[in-house]
Amino acid sequence: MATIVIDREQCIGCGACVDVCPFAALSLEDGVAVVNEQCTLCRACLDVCPVNAISLPEPVSQAGTPDRASYRGVWVWVEQFRGEPRGVSWEMMGEGRKLADRRNAPLTACVLGHGVEAIARQAVAYGADRVLWADDPVLAVYRTAPYTRVLVDLVRRHKPEIVLLGASLRGRDLAGSVASELHTGLTADCTGLEIDPESGLLRQTRPAFGGNILATILCPNFRPQMATVRHRVFEMPAPDPGRRGEIIPVGTELREEEIAVRVLDFVVEHGQVDLAAARIIVSGGRGVGGEKGFGIIRELADVLGGAVGASRAAVDAGWIAYEHQVGQTGRTVRPDLYIACGISGSIQHLAGMSTSRVIVAINKDPEAPLFRMADFGIAGDLFEVVPALTAEFRKRLTP
Ligand SMILES: Cc1cc2nc3c(=O)[nH]c(=O)nc-3n(C[C@H](O)[C@H](O)[C@H](O)COP(=O)(O)OP(=O)(O)OC[C@H]3O[C@@H](n4cnc5c(N)ncnc54)[C@H](O)[C@@H]3O)c2cc1C
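It should be emphasised that the depicted structure is a prediction, and the values quoted were computed from it without experimental measurement.

Let's talk about the domain arrangement of the protein chain
Split by domain assignment, the protein chain resolves into domain 1 (5–55), domain 2 (68–255) and domain 3 (275–397). Taking only C-alpha atoms into account, the centre of domain 2 sits 33 Å from that of domain 3. At the interface, 7 residues of domain 2 touch 8 residues of domain 3. Here the residues of the side of domain 2 that touches domain 3 are counted per class, giving 2 nonpolar, 3 polar and 2 charged.

Put into structure tokens, the structure is as follows:
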């Protein structure tokens, strides 16, 4: 984060700023005031400094990044958890590769962590021309401050034109933090990325105004152009183990004692639904009629070895938990088979499932909008159709 600026030559080490800081952001080291990341730029210290050694950072110029023409290349942050790379990062690599080729520029993967060299090699297989590989015990577990510091530092040194991150919990956190530190724009939860043929800018498309329109956003004045994309919006590329790329170790200069957050433990929440990973999803909407109605949806999902999804109408009615919600404000899914039962097909629901490989719609209204997108439509009462399908699949699939 931005902090106040202390002129070490001017500072007389009187400690007045330390006493007045409400956020414990200042201390004295070797007789000189130093500031840490707790600083909120509240200005309390500015007025008490008797020698005017403290100032605020330069305001951001509205004219944009001054040397933006020198920014080049596409970067993807490769997320990992306990040494396991996240699928969304490889999806971003696939898309990053296309963008880099369009810009005639290299694709760089940023792999941060501890003991993650294997992931750096995998990044090459997934399309990276080079990998910036930061290995440090402080980076073993994701925390905003050290990850931001390392990524910001790398961006300032190497000046990429585009930086992409997966819109996971960590990716969203890191993207916002890095973008604000670099004073650049960030488009979250994009559903499409392409290069504008005339300007060469990144066209970042995402739903806006409650999902009723798709907005294409440009970041013409600031660099890098930053975007996040949710898991399963883009296709997973096939890795090529024979690909060659450069793996460049980068130093970090992190010190554990400077990081305010400690991770004490991880607690696994059981019974969570991993909709994003499901190959088959059977979803219920308002047409299911109530909590009990989800019984037949669950039975069909069980027989097919799939997961249960839902529309927001069903979630809002309290028939099923939010973690099952598919759509703009729920999960984005891309299963091989999506069976929608009693779901009309609002634009917000489609935003979360339209890239499913095969879509089956079951609805008693033959004019339901979802039929227009579905590969197979069954116009009928779901309370007759769904149990009939379950019985038939059970017959065919049970050995
Ligand atoms: C900002 C915003 C974000 C949103 N995010 C999401 C989101 O993430 N996900 C989402 O789903 N929605 C979202 N919505 C809500 C969305 O606009 C719709 O209201 C919602 O998707 C409707 O759910 P539904 O299709 O189940 O209900 P309805 O639109 O009421 O459709 C119910 C369907 O069931 C059919 N039906 C009824 N009985 C039967 C039966 N016995 N057999 C067969 N068919 C039957 C009806 O013909 C009808 O087509 C969002 C809205 C906004 C404004």
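Considering helix 6 (residues 169–182)
Within an α-helix, residues lying three or four positions from one another point in the same direction, as the helix has 3.6 residues per turn. Counted at 1.5 Å a residue, the expected span for helix 6 with its 14 residues is 20 Å, and the 20 Å between its end C-alpha atoms agrees. Where helix 6 is concerned, the buried positions are G171, L174, A175, V178, A179 and L182. End-on, the buried residues of helix 6 take up no more than an arc of 125°, which puts them together on one face. Those residues of helix 6 that are buried are in contact with strand 5 (74–78), helix 5 (144–158), strand 10 (162–166), strand 11 (186–190) and strand 15 (225–229).

Comments concerning the nonpolar core
Among the nonpolar cores identified, the biggest contains 55 residues, and A109, C110, V111, A123, V131, L151 and L164 are the most heavily contacted of them. For this core, the element with the highest residue contribution is helix 3 (residues 87–102), accounting for 6 residues. Residues contacting L164, with those up to four places away along its chain left out, are W75, V76, M92, G96, A227 and V229. Ranked by size, the runner-up nonpolar core spans 39 residues in total, among them I281, I320, Y338 and A351.

Quick notes on the site of the ligand
Every one of the 29 residues lining the ligand counts as a neighbour, but G285, G287, S311, R312 and G327 are closest to it. Going through the elements one at a time, helix 8 (312–316), helix 9 (347–353), strand 20 (358–363) and helix 11 (382–397) are the ones with two or more residues in the shell around the ligand. Of the residues assigned to the shell around the ligand, the class counts are 7 nonpolar, 17 polar and 5 charged.

Details of the packing of helix 5 against helix 6
Interhelical geometry of helix 5 versus helix 6 gives an angle of 50° and a closest axis separation of 9 Å. In terms of orientation, helix 5 and helix 6 fall into the oblique class. For the crossing formed where helix 5 meets helix 6, the hand is right-handed. Residue-level contacts link T144, Y147, T148, L151, V152 and V155 of helix 5 to D173, L174, S177, V178, E181 and L182 of helix 6. The class makeup of the residues in the contact of helix 5 with helix 6 is 7 nonpolar, 3 polar and 2 charged.

Overview of the sheet that holds strand 19 (residues 337–341)
Read from one edge of the open sheet, 5 strands run 18-17-19-20-21, paired in parallel fashion. In the strand order of this sheet, the two ends are held by strand 18 (307–310) and strand 21 (376–379), each with one partner. Within this sheet the neighbouring strands show an average axis-to-axis angle of 20°, counted without direction. With 5 bridges connecting them, strand 17 (residues 280–284) and strand 19 associate as parallel partners. Counterpart to I280 in the pairing with strand 19 is L337. Sheet contacts for helix 7 (residues 294–304): strand 17, strand 18 and strand 19; angle to strand 17, the most-contacted strand, approximately 175°. Along the sheet, helix 11 makes contact with strand 19, strand 20 and strand 21, crossing strand 20 at roughly 135°.

Let's talk about the sheet that holds strand 5
As summarised here, the arrangement of the 7 strands in space is 11-15-10-5-8-9-16, forming an open sheet in which the pairing is parallel. What marks the edges here is a single partner per strand, and that holds for strand 11 and strand 16 (246–249). Strand-to-strand twist of the sheet, defined as the mean angle between neighbouring strand axes without regard to direction, takes the value 20°. As paired elements, strand 8 (residues 107–113) and strand 9 (residues 130–135) share 6 bridges and run parallel to each other. The residue bridging V111 from the neighbouring strand is W133, located in strand 9. Taken strand by strand, helix 4 (residues 117–125) contacts strand 5, strand 8, strand 9 and strand 16, and its axis lies near 165° from that of strand 9. Helix 5 contacts strand 5, strand 8, strand 9 and strand 10 of the sheet and is inclined by roughly 150° relative to strand 8.

Some details on unusual backbone geometry
P224 follows R223 through a cis peptide bond whose omega is 0°. By the secondary structure assignment, P224 is in the loop between strand 14 (213–217) and strand 15. For L41, which is not a glycine, the phi torsion comes out positive at approximately 60°. Residue placement: L41 occurs in the loop between strand 3 (32–35) and helix 2 (44–48). Phi at D189 takes a positive value of approximately 55°, unusual for a residue other than glycine.

The rules behind these values
Residues numbered from 1 in each chain as written. Predicted model: local features only at pLDDT ≥ 70, side-chain atom pairs only at ≥ 80, totals over all residues. Domains from an automatic or database assignment. Contact = placed C-beta atoms within 7 Å. Nonpolar A, V, L, I, M, F, W, Y, C, P; charged D, E, K, R; others polar. Helix = DSSP H or I, 4+ residues; strand = E, 2+ residues; numbered from the N terminus. Expected span 1.5 Å × (residues − 1). Buried ≥ 20, exposed ≤ 12 C-beta atoms within 10 Å, placed from the backbone. Arc of directions from axis to C-beta. Core = buried A, V, L, I, M, F, W, Y, C linked by C-beta atoms within 7 Å. Near = placed C-beta within 6 Å. Axes fitted to C-alpha atoms, helices over the stretch in contact; angles between N-to-C directions. Parallel < 35°, antiparallel > 145°, perpendicular 65-115°, else oblique. Left-handed = near helix turned anticlockwise from the far one by under 90°. Pairing = 2+ DSSP bridges.

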